Amino acid sequence: MSLSRISPAPKAFGRLFAAAGAAVMIMGLAACGGGDDKKAGGAPTEITFSILSAEGQASSGPMWQPLLDDMSKAIGVPVKPYFGSNYTVLVEAMRGNHTQVGWFSAKPEVEAIDRAKAEVIARTVNREGLDSYQSTLIVKKGSGITLDKVLACGKQYNFGIGDAQSTSGTLAPLTFLFNPRGVVPAQCFKTVRSANHQANAFGVATGVIEVATSNSVNTVFMRRENPQLAGQIEEIWTSPPIPESGIVVREDLDPALKEKIRSFFLTYGQGEGAEAERQRKVLADLEYSRFAAADDRYLDPIREMIADQKLGEARAKGDTTAAAAAERELQRLRSLREVRP
């Protein structure tokens with residue numbers, strides 16, 4: 001998970017932009033083949049690999065190109081990148097088979113699986129050796145504020161939450177902490193303000209707010225960049241693990257080629273010797289240590305958040321059928337989480 005987030009456009013404009021962007025991008029890919037060329041046996045003669053990059057190819061290209069060059073050599077098929085700034089565009093490109101492999105963060109991964117015939121072949125592991133992160137609830141150290149006191153509500157505290165679409169700042173604490181207990185932040189706290197993790201942490205440390213959402217990535221960042229600030233904050237709640245990004249491929253990709261791609265990611269940077277060291281340097285530049293084996297079950301925490309959102313939306317609309325379906329899915333996912341080690 002990146003420490004920065006792309007701000008969502010207003011809904012109407014965002015839908016228009018996404019649709020227009022998808023159309024332009026897909027036409028462009030189609031014009032240059034888009035990976036649709038096939039060998040006689042059905043395997044593509046070229047693979048297009050999609051990468052989210054708000055800054056575009058100029059900034060992300062130098063980091064990803066060495067890995068894609070290595071991938072091309074390993075699988076015996078040229079691999080070209082496609083850098084997009086919009087996940088809707090990238091999901092649509094995979095749905096149209098204009099891209100066959102891609103790096104997606106967790107929530108868009110679910111969309112690619114559900115809408116674009118994608119399957120997970122690997123998940124990323126960061127430089128600290130973690131393949132997930134956690135949402136947290138933070139308070140000022142020594143304040144005496146406990147989780148029980150927070151959940152007692154009574155409009156005692158000023159609360160900092162994340163952007164409405166922030167996974168760890170909003171969706172995870174709602175899904176895993178507040179909603180199961182029937183707690184509505186707007187009704188529970190004295191005030192509720194929305195800000196990014198860094199601003200909320202500063203607010204807690206300086207006493208502007210008493211409680212806020214954060215995440216384990218921000219905790220590591222603060223301890224490294226501002227240990228004095230980090231020392232003034234403590235966590236009183238952590239969420240279940242939230243999955244990091246992953247690598248997906250189209251389900252209908254040539255099976256032999258798919259296995260070559262899977263093997264490439266799972267063995268990349270492993271072992272000893274100069275070549276393994278070089279590959280580990282490539283991974284380090286991407287802020288990773290390795291790729292781990294995974295299937296789409298690792299995304300269940302994201303699906304749980306999506307089901308929780310759908311339940312809330314259906315209840316707000318008075319749609320009892322949709323609410324019942326979302327409630328069943330939510331309970332199914334919660335039961336899976338409870339039985340997992």
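Scroll up to find the structure.
Read on for an overview of the structure. In this text, all values refer to a predicted model and were calculated from it rather than measured experimentally.

## A few points about the overall build of the protein
Summing up its helical and strand segments, the protein has 14 helices and 13 strands in all. Within the protein, the proportion of its 341 residues that are buried is 48%. Sequence-distant contacts, at least 24 apart, represent 76% of the contacts inside the protein between residues at least 6 apart. Carbon and sulfur atoms make up 54% of the accessible area of the protein, which totals about 16,400 Å².

## Topic: the sheet that holds strand S8 (residues 191-194)
Taken in spatial order, the five strands line up as S8-S7-S9-S6-S10 in an open sheet, and their pairing is mixed. Only two strands of the sheet have a single neighbouring strand rather than two, namely S8 and strand S10 (233-238). Going from strand to strand, the sheet's axes swing by 30 degrees on average, the running direction of each strand aside. Where strand S7 (residues 158-161) lies against strand S9 (residues 211-215), two bridges are found, and the strand directions are parallel. The residue of S9 that forms the bridge with phenylalanine 159 is valine 211.

## Description of helix H11 (residues 255-267)
With 13 residues, H11 extends 18 Å from end C-alpha to end C-alpha; this agrees with the ideal 18 Å at 1.5 Å per step. For H11, every residue scored as buried is listed here: Leu257, Lys258, Ile261, Arg262, Phe264 and Phe265. One face of H11 carries all of its buried residues, which in axial projection span an arc of 160 degrees. One or two residues past the end of H11 sits glycine 269, with phi positive at roughly 75 degrees.

## A few points about the sheet that holds strand S13 (residues 288-293)
Taking strand neighbours across the sheet as the criterion, the six strands line up as S2-S1-S3-S12-S4-S13 in an open arrangement whose pairing is mixed. Each having just a single partner strand, strand S2 (79-84) and S13 make up the two edges of the open sheet. Across the sheet, the mean angle from the axis of one strand to that of its neighbour is 25 degrees, orientation sign disregarded. In this sheet, strand S12 (residues 246-250) lies alongside strand S3 (residues 101-104) in antiparallel orientation, the contact comprising four bridges. Looking across to S12, one finds that glycine 102 is bridged to valine 248.

## Some points on unusual backbone geometry
Even without glycine at this site, lysine 117 takes up a positive phi of about 55 degrees. Mapped onto the fold, lysine 117 is located in the loop between helix H4 (106-115) and strand S4 (118-126). Look at glutamate 287: it is not a glycine, yet its phi comes out positive at around 70 degrees. Within the fold, glutamate 287 resides in the loop between helix H12 (274-285) and S13.

## Regarding the pattern of salt bridges
Working definition: two side chains of opposite charge can pair if their charged atoms are close together. For the structure on display, the rule yields 21 salt bridges. Where glutamate 46 meets lysine 80, a salt bridge forms, and the shortest distance between an N and an O atom there is 3.5 Å. Residue glutamate 46 is located in the loop between helix H1 (11-31) and strand S1 (47-52), and its partner lysine 80 is located in strand S2; the two are separated by 34 residues in the primary sequence. The class for glutamate 46 is partly exposed, based on a relative accessible area of 26%.

## Notes on the nonpolar core
Residues Ile47, Phe49, Leu67, Met71, Ile247, Ile261 and Phe265 are the most contacted members of the largest nonpolar core, which totals 70 residues. Those residues within four positions of isoleucine 261 in sequence are excluded, and the remaining contacts are Met71, Ile75, Val101, Ile121, Val249 and Leu253. Ala201, Ala212, Leu229 and Ile233 belong to the second-largest nonpolar core, a separate cluster that totals ten residues.

## Let's talk about the state of the cysteines
Here the structure, examined in full by the defined rule, presents one disulfide. Put simply, cysteine 153 and cysteine 188 are joined by a disulfide, and their sulfur atoms are 2.2 Å apart. Because the sign of the S-S torsion sets the handedness, a value of about -95 degrees for the bond joining cysteine 153 and cysteine 188 places this disulfide among the left-handed ones. Of this pair, cysteine 153 sits in the loop between helix H5 (147-151) and S7 while cysteine 188 sits in helix H7 (residues 185-188), placing them 35 residues apart in sequence. For cysteine 188, a relative accessible area of 1% gives the class buried.

## Comments concerning the pairing of S4
The two faces of a sheet get side chains in turn, since along a regular strand they alternate between them. The buried fraction of S4 is high, at eight of nine residues. Looking at chain direction, S4 and S12 are connected through five bridges and run antiparallel. Along S12, the bridge assignment pairs glutamate 119 with valine 249. The pairing of S4 with S13 spans five bridges and is classified as antiparallel. Residue pairing across strands places arginine 123 opposite alanine 292, the latter belonging to S13.

Parameters and conventions
Residues numbered from 1 in each chain as written. Predicted model: local features only at pLDDT ≥ 70, side-chain atom pairs only at ≥ 80, totals over all residues. Heavy atoms only, no water. Helix = DSSP H or I, 4+ residues; strand = E, 2+ residues; numbered from the N terminus. Buried < 20%, exposed > 50% of the residue type's maximum accessible area, 1.4 Å probe, protein only. Contact = heavy atoms within 4.5 Å. Areas by Shrake-Rupley, 256 points an atom, 1.4 Å probe, with all protein chains shown as cover. Pairing = 2+ DSSP bridges. Axes fitted to C-alpha atoms, helices over the stretch in contact; angles between N-to-C directions. Expected span 1.5 Å × (residues − 1). Arc of directions from axis to C-beta. Salt bridge = Lys/Arg side-chain N within 4 Å of Asp/Glu carboxyl O. Core = buried A, V, L, I, M, F, W, Y, C linked by side-chain atoms within 4.5 Å. Disulfide = S-S within 2.5 Å.

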